[in-house]
Amino acid sequence: MRVGDKQLDLFAHDVSTSPPAALRPAAPQVPVIAPPMAPVTTPASAPVTVLPPPPAPLPSPPRADDGPPLRQLQLGQHLVEFALRRSTRRSIGFMIDDNGLRVTAPKRVTLAEIDNAIRAKQSWIIAKLQERGERKLQRQQRAPVAWHDGAQLPYLGGDITLRLHQAQRHRASFQADTNELHVWVTPSGTELQLKEKVKSWYQQQARSLFEQRLDLYAARLGVRYASLSLSSAGTRWGSCTIERKIRLNWRLIHFALPLIDYVVAHELAHLLEMNHSPRFWATVATIYPDYEGAKLALKKRSQELPVLFG
């Protein structure tokens, strides 16, 4: 009989001094009762703790070898590094992009006053720095475009097909009917040269289209801008100076026309309101009513773009 994992021999006997079985009186038959088994308990499984991924590091401005050192300020559990620039402006200004926090302050303002101004806005500053850090990390984790014949490249909200050919000199031509960008490269051409040719084509298209849209919306708003230049900023899509000079990021050419128009309208509105006050947004709304939707769409789309030029 087997109880649990042990064999119980019900016919075992002692052979030392016992008389033969035939001479012994028959013992009364006693039913064999197995000892009670201890209940088998299964230890409760320890709860599995899933740790959240570590937060993306807060971006910091690049350290220039010949520039002033970055300043540091402890904001709660975060050590924030920022670049400080003195200017003739009358108030302390903050600018946050993928390169972290930059502070511009009047020359008369003390360092203690600057630190206190940062502490007063620390919730906003930390939130924006974390957002920029996460976006930067997402871009770094995206697979770059493979530069081969047939590659898909973003253009005006859609994709165009890259077609490669060999020739004695580099050139590019877009075929709108087939949605193909044909690029001719020399037999000894490198991938870097190919990228530069494609980038140059993008920038040519951007300048031509931006000028058209600026003229259209400037007329609607009744303003005049002094000049247009292209920028290559990481995520800053446009800017406008008090000299009425407008800069637009050429990478906007990757997006659909309504998103380009939103940035154009935004920068032109700064010719009337050099701020982001309610009056500024009301001005934008006069020529681009759905600016809120475009702002959200631009943010979302910028996070989805493939990595083209590193």
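Residues numbered from 1 in each chain as written. Predicted model: local features only at pLDDT ≥ 70, side-chain atom pairs only at ≥ 80, totals over all residues. Heavy atoms only, no water.

### Structural notes on the overall build of the protein chain
Piece 1. A tally of helices and strands in the protein chain yields six helices and 13 strands.
Piece 2. Classification of the 310 residues of the protein chain by burial places 35% in the buried group. (Helix = DSSP H or I, 4+ residues; strand = E, 2+ residues; numbered from the N terminus. Buried < 20%, exposed > 50% of the residue type's maximum accessible area, 1.4 Å probe, protein only.)

### Digging into the sheet that holds strand β12 (residues 238–240)
Piece 1. Judged by pairing direction, the sheet is mixed, and its three strands sit side by side in the order β11-β13-β12 without closing on themselves. Both edges of this open sheet fall to β11 (227–231) and β12, since each of them pairs with a single strand only. Between one strand and the next, the sheet's axes are offset by a mean angle of 15°, whatever the strand orientation.
Piece 2. Relative to strand β13 (residues 245–249), β12 runs antiparallel, the two sharing three bridges. (Pairing = 2+ DSSP bridges. Axes fitted to C-alpha atoms, helices over the stretch in contact; angles between N-to-C directions.)

### Some remarks on the packing of aromatic side chains
Piece 1. Going through the model one piece at a time under the given rule, you end up with 13 aromatic pairs.
Piece 2. Centre to centre, the rings of W147 and F309 are 5.7 Å apart; their planes meet at 40°, and the pair counts as tilted. Of this pair, W147 sits in the loop between α2 (122–141) and β7 (152–155) while F309 is found in the segment after α6 (291–304), placing the two residues 162 residues apart along the sequence. The two residues W147 and F309 agree in class, both being buried.
Piece 3. Consider the rings of W201 and Y202, whose centres lie 5.5 Å apart with planes at 55°: the pair is tilted. (Phe/Tyr/Trp six-rings, centres within 6.5 Å; stacked < 30°, edge-to-face > 60°.)

### Remarks on the side chain of H270
Piece 1. Residue placement: H270 occurs in the loop between α4 (257–269) and α5 (278–287).
Piece 2. Reaching out from H270, the side chain makes a polar contact with the backbone oxygen of E273 at a distance of 3.0 Å.
Piece 3. Among the polar contacts listed, one links the side chain of H270 to the side chain of H276, at a separation of 3.4 Å.
Piece 4. Beyond its immediate stretch of four places on either side in the chain, H270 contacts C240, N275, H276 and F280. (Polar contact = N/O pair within 3.5 Å; in protein donor to acceptor, adjacent residues only side chain to side chain. Contact = heavy atoms within 4.5 Å.)

### Quick notes on the sheet that holds strand β9 (residues 171–175)
Piece 1. Reading across from one edge, β7-β8-β10-β9 is the order of the four strands in this open sheet, with mixed pairing throughout. Each having just a single partner strand, β7 and β9 make up the two edges of the open sheet. Taken pair by pair, the neighbouring strands of this sheet meet at an average axis angle of 30°, ignoring direction.
Piece 2. Relative to strand β10 (residues 180–185), strand β8 (residues 158–166) is paired through six bridges, and the arrangement is parallel. In the strand pairing of β10, L162 is matched with L181.

### Some words on unusual backbone geometry
Piece 1. Within the chain, L156 stands out as a residue other than glycine whose phi angle is a positive 50°.
Piece 2. Here L156 shows up in the loop between β7 and β8.
Piece 3. We note that N179 has phi near 60°; this positive angle belongs to a residue other than glycine.
Piece 4. Relative to the helices and strands, N179 is located in the loop between β9 and β10.

### Details of the packing of α4 against α6
Piece 1. Between α4 and α6, the shortest axis-to-axis distance is 9 Å and the interhelical angle comes to 115°. Crossing handedness for the pair α4 and α6: left-handed. Residue-level inspection shows L259, Y262 and V263 of α4 in contact with α6, the latter providing Y291, A294, K295, A297, L298 and R301.
Piece 2. By residue class, the composition of the contact of α4 with α6 is seven nonpolar, no polar and two charged. (Left-handed = near helix turned anticlockwise from the far one by under 90°. Nonpolar A, V, L, I, M, F, W, Y, C, P; charged D, E, K, R; others polar.)

### Some points on the pairing of β13
Piece 1. Strand direction decides the pairing type here: β11 and β13, joined by five bridges, are parallel. Residue L230 lies in a different strand from β13, and its bridge partner there is L248.
Piece 2. A loop of four residues connects β12 with β13, the two strands running antiparallel in sequence, and R244 in this loop sits at a positive phi of about 70°.

### Let's talk about α6
Piece 1. Compared with an ideal rise of 1.5 Å per residue, which puts 14 residues at 20 Å, α6 spans 20 Å between its outermost C-alpha atoms and is within 8% of the ideal.
Piece 2. Those residues of α6 lying buried are Y291, A294, L298 and S302. End-on view of α6: buried residues confined to an arc of 65°, all on one side of the axis. Turned more than 90 degrees away from the buried face of α6 sit L296 and K300, all of them exposed. (Expected span 1.5 Å × (residues − 1). Arc of directions from axis to C-beta.)

### Digging into the confidence of the model for the protein chain
Piece 1. Scored by pLDDT, the protein chain has a mean of 82; 79% of the residues are at 70 or more.
Piece 2. At the low end of the mean pLDDT range in the protein chain sits strand β2 (residues 6–7), at 34; at the high end sits α4, at 97.
Piece 3. Here residues 1–35 is modelled with pLDDT under 50, and outside its nearest four sequence neighbours on either side it reaches eleven contacts, counting other chains as well. (pLDDT = per-residue confidence, 0-100.)

### A look at the side chain of T161
Piece 1. Mapping T161 onto the fold places it in strand β8.
Piece 2. Residue classification places T161 among the buried positions, given a relative accessible area of 14%.
Piece 3. Side chain to side chain, T161 and Q152 meet in a polar contact 3.1 Å long.
Piece 4. Look past the residues within four positions of T161 in its chain and what remains in contact with it is G150, A151, Q152, N179, E180 and L181.

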